[in-house]
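Residue-level structural notes
In case you want the letters, here they are:
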Amino acid sequence: MSRNGPAALVFHTLFVVFMVAPIVVVCWVAFTPEGFLSIPTTNFSLRWFKALANYPEFVHAFAVSLWLGALSSCVALLFAVPAALALSRYQFRGRDALSALFLSPLMIPHVVLGIAFLRFFTSAGIGGTFLALVIAHVVVVFPFALRLTLAAATGMDRSVEMAAISLGADGWTMFRRVTLPAILPGIVSGWMLAFIQSFDDLTMTIFLATPGTETLPVRMFLYIQDNIDPLVTSVSASVIAITMTVLILLDRCYGLDRVLTAKGGDAGR
Amino acid sequence: MSTTVSANPSDARTGLTLALPALMLFTGVVVIPLAMTVLLSFHDWGQYKGIEPVFILKNWIEIVSDPYYAEMFWRTFRVAVLATLITAVFGVPEAYILNRMQGPWKGLFLLIIIGPLLISVVARTLGWALLFGGNNGLVNKLLMTSGLIASPLRFMFTETGMVIALAHAMMPFMVLAVWTALQRLDPQVENAALSLGAGSFTVIRRIVLPQIMPGVLSGAIIVFSLSASAFATPAIIGGRRLKVAATLAYDEFLNTLNWPLGAAVAVLLLIALVLIVVGSNALIERRYQEMFR
Amino acid sequence: MSLLELDRVGKSFGPNTAVEEFSLAVTKGEFISFLGPSGCGKTTTLQMIAGFLDPSHGTIRLEGKDLVAMPPAKRGLGIVFQSYALFPHMTAAENVAFGLEMRKVPRDERDERVRKALALVGLAGYEGRHPRRMSGGQQQRVALARALVIRPSVLLLDEPLSNLDARLREDMQIELRQIQRNLGTTTILVTHDQIEAMSLSDRIVVMSKGKIEQIGTPQQVYEQPASAFVAQFLGKTNEFAAEVERTAGLARLVAGSWSAPAPAGATGTVTISVRPERISFGSSGLAGRITSRIFQGNHWLFQCDTECGPAIVIRQNDGQPQPDQGETVHLIWQDSDMSLRASVAA
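Quick caveat, the model's predicted, so the values are computed rather than measured.

Comments concerning the overall build of chain C
Scanning chain C from N- to C-terminus turns up eight helices and 20 strands. Taking the principal axes of the C-alpha coordinates as reference, chain C spans close to 80 × 45 × 35 Å. Residues counted as buried form 51% of the 346 residues belonging to chain C. Considering only contacts within chain C whose residues lie at least 6 apart along the sequence, 65% involve residues at least 24 apart. Accessible surface for chain C amounts to roughly 15,900 Å². Of this, 49% is attributable to carbon and sulfur atoms.

Right under this line is the structure:
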């Protein structure tokens, strides 16, 4: 394969600068020793990270986001794993329609989903509760959990399951001893991707969050609406650091491009 | 001979049973709420009386007739189209360059370029707000010292700023779509063209581009639909006055509290997007039919 | 009494018929091959015996019991899959032990049987190895051990050797035959390789387009093929059209300048089928000209243009001089080396 010429490399460098600039600048400003927004050059300080301790609403929002992400990703997988097995293993009428329905939260703008959930949960009398947030997040992260599980289930050699059956395993034993271990990498990646999606969602959540159930992105957004100061950059820098960690984990154990392009059916391993 | 999936009725039943919990969840928590929202857009609302469950066209007539909404929708789509164009113009060559890179560099830069996709959109947009910053923002300083402009440009609270920040947020989708298309390309075909005497520019224009066009277009559809329904970026960069569909719906719901009107805006956005996305998908499929067969 | 009995078993997928009227009785200890090109229905038949597909009609009986009503997990058949289908997250020993675990065999006995099964297939000492870290041949042996350790009433092999290279495949064929003989396990092998089928089996079921073409011993199907398909699928063959002519009450079979006494009952136009290695060159017989002659080490391969169409002749390289290209020759063969079929327009 031929190499890139100098012009291509200049373009590439500028492109990468464009992509990382806003992320770098946030993290950089977060280390300012000043009381106002500035880009530190000689002095770096952790004062704004320490200051976070004095803003319990950020700490609380962070806890809400963590719990919400972890819980909704788990619940989403409880629904997604059997659904993925159904879509990958069985032929039945309406199968294509079903998979389109399950992936629809990717197509529907999150504003619309947020509005629909707000209307629905308010009518159901659970508006503003953590439970409502969990249900909404389960639906929104479901496609991500489903896609990776589906890719793993489709890519799996089915004769391995037949072998287990022929050796006398019943359906449940086969699932527990053979299928589950085989699709586990897909499930784990699906969980991580679902967690990130839940952890980062603003557009849908902002319709459902109330002061007690504000997630971190919602808290940050509302804060920025009022004023932008170094405090919110230190929050952002922390979020970026957490996401990067999960991201690198995902890349290591599954390959990031594969995680993000996984479509049920063609992402065999 | 490969193992055949049995198509007997008991198997179909097992399949449906496994999918049933998810189906019930989606019916209960997606289909019904969406139907309720469509219904809500036909309800009446008043400052003091609140929501009245009647069936009227008031909200729809208001959206269609008031030029304020027309301008807002027009802005939404203008911004989305511009952001899509920028991602295509810069994302396609970058994906091509990325694909020609060697071993570990490829993986590293792919991570750097598509990684931001998963980083909080609020944090990323905050970054642009810092870069744009008023008159002495970093971008303006850089442009002025390099002599490209004489006086500072306005980025915050302008459509220009919105388009740049949106293009940045959506760029990973374009690069990913083109990257996937490039992966399917047989590298020998490029070499074949070179051996027949084509220059590298001709190879890109005549050989590579036509083959990855479906990837570019499907990337464009994703970028367009996500840009047109984006909320965080327009809200932070555009501020309170420069409204797009998503921020308007948000205001109607959480500030004005006119839910029926907000629902109508949201439903209109959904319908417009579904029509555009489904329509262009069908066009692309028909145009590139032979490539997928 | 036969151990496994298939009676007019058929399978269709919608309008497509995969297997038609398949009847076969397998006796205990027999090694049977289902032989045919891909898509002939051999794997479908195997899957119906295994229970992964339900027959559309017909019955399958094992030791007199109806097998169709029995779920696949309860059939107690050992299966070796084409892809081996080893459990990738389990060691060789864990793979082999799985079936015994399902049967709740006590731990001590289980360990002992796993050890013996692995030793049987020549993998003693590989107990803790994961499939990923084994060669194709070794994986194949683990799969065989896993199927045999449960002492199956019938062992089903689905193209088990097709992923191995030629040399290894031959070694495995010999080993497989020895193991099967020693254990006396009734075995059904699905294959598209006629050499494999012939070298391993007691009987071969030749299939084409969902139908059984012939059931017989390797010698029978090779030397007395029941149809043109069988004759051609099991190695090279020559076919000539011949007429039965009656002069003075004596019926003779005539093809060009070759003739022989006609067997009783033959009339009209018939097809003679002769294997290339059974033909020799003589002074009179079917006249022809050598169009090419190829030296292949232990034998010569001749292509001839005869009065009755093209023919191939294989002669052992026994040191005798052989005819040259372009030479006129006469092809002869023993009456017992040809098989006759009534010609049907086909």
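From this point on, the discussion continues.
Observations concerning helix α6 (residues 130–155) of chain A
Between its first and last C-alpha atoms α6(A) spans 36 Å; for 26 residues at 1.5 Å apiece the expected length is 38 Å, and the two agree. Across the 26 residues that make up α6(A), a large majority, 21, are buried.

Quick word on the packing of aromatic side chains
Counted according to the given criterion, the structure contains 37 aromatic pairs over all chains. Taking the centre distance of 6.2 Å and the plane angle of 90° together, the rings of A:Phe62 and A:Phe199 count as edge-to-face. Of this pair, A:Phe62 sits in helix α3 (residues 56–89) while A:Phe199 sits in helix α8 (residues 171–200); the two residues are 137 residues apart in sequence, bridging distant segments of the chain. Both rings, one in B:Phe73 and one in B:Phe77, keep their centres 6.5 Å apart while their planes meet at 20°; by these two values the pair is stacked. Of this pair, B:Phe73 and B:Phe77 are both found in helix α3 (residues 67–100), four residues apart, which corresponds to roughly one turn of the helix. Judged by relative accessible area, B:Phe73 falls into the buried class, the value being 10%. Take B:Phe77: its relative accessible area is 16%, and that puts it in the buried class. Clustering of aromatic rings is evident, with ring pairs tying together A:Phe207, A:Phe221, B:Phe231, B:Tyr250, B:Phe253 and B:Trp259. When the ring centre of C:Phe87 is taken as reference, the NZ or CZ atom of C:Arg146 above it lies at 4.6 Å.

Re helix α5 (residues 110–124) of chain A
All names here are of chain A. If you check α5, its first and last C-alpha atoms are 20 Å apart, about what 15 residues at 1.5 Å a residue would give, namely 21 Å. Where α5 is concerned, the buried positions are Val111, Val112, Leu113, Gly114, Ile115, Ala116, Phe117, Leu118, Arg119, Phe120 and Phe121. Of the residues flanking the end of α5, it is glycine 125, one or two places downstream, whose phi is positive at about 80°.

Side note on the pattern of salt bridges
On inspection of all chains with the given rule, the structure shows 26 salt bridges over all chains. Between C:Arg177 and C:Asp202 there is a salt bridge, with its nearest N and O atoms 3.0 Å apart. Of this pair, C:Arg177 sits in helix α5 (residues 166–183) while C:Asp202 sits in the loop between α6 (194–200) and β9 (203–208), placing them 25 residues apart in sequence. We classify C:Arg177 as buried; its relative accessible area is 12%. Exposure remark for C:Asp202: the relative accessible area of 28% places this residue in the partly exposed category. Between C:Arg278 and C:Glu223 there is a salt bridge, with its nearest N and O atoms 2.9 Å apart. In this pair, C:Arg278 sits in the loop between β14 (269–274) and β15 (280–282) while C:Glu223 sits in helix α7 (residues 218–223), placing the two residues 55 residues apart along the sequence. Residue C:Arg278 is classed as partly exposed on the basis of its relative accessible area, which comes to 29%. Through salt bridges with shared partners, one network takes in B:Asp44, B:Lys49, B:Glu52 and B:Lys58.

Observations regarding the pairing of strand β18 (residues 309–316) of chain C
Residues and elements named next belong to chain C. The pairing of strand β17 (residues 299–306) with β18 spans eight bridges and is classified as antiparallel. If you follow aspartate 305 over to β18, its bridge partner there is proline 310. Linking β17 to β18, which pair antiparallel, is a turn of two residues.

Details of the interface of chain A and chain C
Counting residues at the interface gives 15 residues for chain A and 20 residues for chain C. Buried surface at the junction of chain A and chain C, summed over both partners, amounts to about 1,600 Å²; 69% is from carbon and sulfur atoms. Of all residues in chain A, the largest losses of buried area upon contact with chain C belong to A:Ser166, A:Leu167 and A:Arg177, amounting jointly to 41% of the total for that side. On the surface where chain A and chain C come into contact, there are one salt bridge. There are five residue pairs in polar contact (both at pLDDT 80 or more) connecting chain A and chain C. Breaking the side of chain A that touches chain C down by element, the ones donating at least two residues are α7 (158–166) and α8 of chain A. For the side of chain A that touches chain C, the leading source of residues is α7(A), giving seven residues. Residue composition of the side of chain A that touches chain C, grouped by class: nine nonpolar, four polar and two charged.

What counts and what doesn't
- Here the residue numbers are simple positions, counted from 1 along each chain's written sequence.
- Working convention: letters from A go to chains and numbers from 1 go to ligands, in the order in which they are written.
- Totals for whole chains, interfaces and linings use every residue, but because this is a predicted model, local features are given only for residues with pLDDT of at least 70 and side-chain atom pairs only at 80 or more, for both listing and counting.
- Hydrogens are left out, water is left out, and the side-chain values use all remaining heavy atoms of the structure.
- Every helix listed is a DSSP run of H or I at least four residues long, and every strand listed is a run of E at least two residues long, numbered separately from the N terminus.
- Here the term buried applies to any residue with accessible area under 20% of the maximum for its type, exposed to any over 50%, and partly exposed to those in between, with areas from a 1.4 Å probe on protein chains only.
- Whether two residues are in contact is decided by their heavy atoms, any of which lying within 4.5 Å being enough.
- A 1.4 Å probe and the Shrake-Rupley method give the accessible areas. Residues count as covered only by the protein chains that appear here.
- A helix is expected to span 1.5 Å multiplied by its residue count minus one.
- In this scheme Phe, Tyr and Trp rings, the latter by its six-membered ring, pair at centre separations within 6.5 Å, and the angle between planes marks the pair as stacked below 30 degrees, edge-to-face above 60, and tilted otherwise.
- A positively charged side chain is recorded as over a ring if its NZ (Lys) or CZ (Arg) lies within 6 Å of the ring centre. The angle to the ring normal must also be within 35 degrees.
- Here, a salt bridge means any side-chain nitrogen of Lys or Arg that lies within 4 Å of a carboxyl oxygen of Asp or Glu.
- The pairing criterion for strands is at least two bridges between them, as found by DSSP.
- Note: buried area is the sum, over both parts, of the accessible area (probe 1.4 Å) each one loses when the two are combined.
- Here a polar contact is recorded for every N or O atom pair within 3.5 Å, except that within protein the pair must consist of a potential hydrogen donor and a potential acceptor, and residues adjacent in sequence are included only if both atoms are side-chain atoms.
- Amino acids outside the nonpolar list (Ala, Val, Leu, Ile, Met, Phe, Trp, Tyr, Cys, Pro) and the charged list (Asp, Glu, Lys, Arg) are all regarded as polar, and Gly is one of them.

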